[in-house]
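Listed below are the residues making up each chain.
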Amino acid sequence: VWVWSALALERPRFGLVPVGAGLTVFVLWLLMVEPDPERDAEMAQALAAAPSAGMIVWIMIRCIGAAIMVPIAEELAFRGYLISRLGPWSESFKLKIDPRLLPLAVSTILFGLLHSAWLAGMLAGLVYGLVRYHRDSVTDAIIAHAITNALLSVYVISFGVWSLW
């Protein structure tokens, strides 16, 4: 929030596209990423052994990171910087395709490779990239990503499926 004006990003506007995209990626993530019951049990055991205050603080920090910090950092890197830098470069090829296609493809692939569930990550990256292009808004991509991760955080905590985090 402190550096938002320096990033030349528009003010957040909650539209149907970023909200719907965030919800869609959340559902797709649940369908595509297989939980790891062993890791879930280990994490549940570690949390149960931790002091209550420590557990609460850890979960709060993890939720804030997942729903606020990660979407801002990843979307600025992949849908902000990378797409913006590759856009003019892709136009220099003078291909008979939409010049946005190469930046979208590269950012989608790299975003997917950042995640252990790389196929689900690529699909998420594609959706967030399309959201970014919809209104030429990195902020919309941040909102969509934040909604996905916030819903995922609620799901993980509610059902103890810690391996999805």
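Here, every reference points to the structure presented above.
What you see is a predicted model, and the numbers here were worked out from it, not measured in a lab. Here, residues in each chain are numbered from 1, in the same order as that chain's written sequence. Given that the model is predicted, a residue must reach a pLDDT of at least 70 before its local features are reported, and side-chain atom pairs must reach 80 or more before they are shown or counted; all residues, however, enter totals for whole chains, interfaces and linings. Heavy atoms throughout the structure, all of them, feed into the side-chain values; hydrogens and water do not.

(A) View of helix α2 (residues 37–49). Its 13 residues place the ends of α2 18 Å apart at the C-alpha level, agreeing with the 18 Å of an ideal helix rising 1.5 Å per residue. Of the residues flanking the start of α2, the one acting as N-cap is D36, its side-chain oxygen 3.1 Å from the backbone nitrogen of E38. In this text, helices come from DSSP runs of H or I with a minimum length of four residues, and strands from runs of E with a minimum of two, each type numbered from the N-terminal end. Working rule for helices: expected span equals 1.5 Å times residues minus one. Within 3.5 Å is the distance limit for a polar contact, defined as a pair of N or O atoms, with the added protein rule that one can donate a hydrogen and the other accept it, and that residues adjacent in sequence qualify only through two side-chain atoms.

(B) Geometry of the side chain of E75. The residue E75 is located in helix α3 (residues 52–91) in this model. Given a relative accessible area of 0%, E75 falls into the buried group. Reaching out from E75, the side chain makes a polar contact with the side chain of H145 at a distance of 2.6 Å. Only heavy atoms matter for contacts: two residues are in contact if any of them lie within 4.5 Å across the pair. Those residues in contact with E75, other than ones at most four positions away along the chain, are V70, G80, F111, Y128, V138, A141, I142 and H145. The classification of residues rests on relative accessible area computed with a 1.4 Å probe and restricted to protein chains. Under 20% of the type maximum is buried, over 50% is exposed, and intermediate values are partly exposed.

(C) Seen up close, unusual backbone geometry. Of note in this structure, D136 is not a glycine but carries a positive phi near 50°. In this structure D136 comes out as exposed when scored by relative accessible area, which is 55%.

(D) Seen up close, the environment of M43. Among the structural elements, M43 can be located in helix α2. Residues M43 and V127, 84 residues apart in the sequence, show an inter-C-alpha distance of 30 Å. Not counting the four nearest positions on each side in its chain, M43 is found in contact with W58 and W162.

(E) Examining the packing of aromatic side chains more closely. Between the rings of Phe, Tyr and Trp (Trp by its six-membered ring), a pair exists once the centres lie within 6.5 Å; its type follows the angle of the planes, with under 30 degrees stacked, over 60 edge-to-face, and the other angles tilted. The final tally for this structure, using the stated rule, is 7 aromatic pairs. The rings of F26, Y155 and F159 are connected pair by pair, giving a single aromatic cluster. Across the ring face of F111, the terminal group of R79 is positioned such that the distance to the ring centre comes to 4.4 Å. In this scheme, Lys NZ or Arg CZ marks a charge over a ring once it lies within 6 Å of the ring centre and within 35 degrees of the ring normal.

(F) Geometry of the environment of F14. Tracing the backbone through its elements, the reader meets F14 in the segment before α1 (16–32). Taking the C-alpha atoms as reference, F14 lies 9.6 Å from T139; in sequence the two are 125 residues apart. Setting aside residues no more than four positions away along its own chain, F14 makes contact with V19 and I143.

(G) The arrangement of the packing of helix α4 (residues 101–114) against helix α5 (residues 118–134) in detail. To define axes, lines are fitted to C-alpha atoms, for helices over the stretch in contact only, and angles between the resulting N-to-C directions are given on a 0 to 180 degree scale. Here α4 crosses α5 at 140°, and the two axes come no closer than 7 Å. When the axis of α4 is compared with that of α5, the two are oblique. Considering the relative orientation of α4 and α5, their crossing is right-handed. Note on element contacts: α5 touches α4 through W118, G121, M122, A124, G125, L126, Y128, G129, L130 and Y133, opposite P103, L104, T108, I109, F111, G112 and L113. Tallied by class, the residues present in the contact of α4 with α5 amount to 12 nonpolar, 5 polar and no charged. Any angle between 65 and 115 degrees counts as roughly perpendicular, while under 35 counts as roughly parallel, over 145 as roughly antiparallel, and the rest as oblique. Left-handed describes a crossing whose near helix is turned anticlockwise from the far helix through less than a right angle; right-handed describes the clockwise counterpart. The nonpolar class holds Ala, Val, Leu, Ile, Met, Phe, Trp, Tyr, Cys and Pro. Asp, Glu, Lys and Arg form the charged class, and all remaining residues, Gly among them, are polar.

(H) Here's a closer look at α5. The end-to-end C-alpha distance of α5, which contains 17 residues, comes to 24 Å, matching closely the 24 Å that a straight helix rising 1.5 Å per residue would cover. Of all the positions in α5, only A120, G121, M122, A124, G125, V127, Y128, G129, V131, R132 and Y133 are classed as buried. Once α5 ends, the next one or two residues include D136, with phi positive near 50°.

(I) Highlighting the nonpolar core. In this description, a nonpolar core means a group of buried Ala, Val, Leu, Ile, Met, Phe, Trp, Tyr and Cys residues linked to one another through side-chain atoms lying within 4.5 Å. Counting residues in hydrophobic clusters, the biggest one holds 13 residues, and the most contacted among them are W29, V33, L152, V156, W162, L164 and W165. Contributing elements (two or more residues each) for this core: α1, α3 and α6 (138–159). Leave out the neighbours within four places in its chain, and V156 touches V161, W162, L164 and W165.

Geometry only, nothing functional implied.
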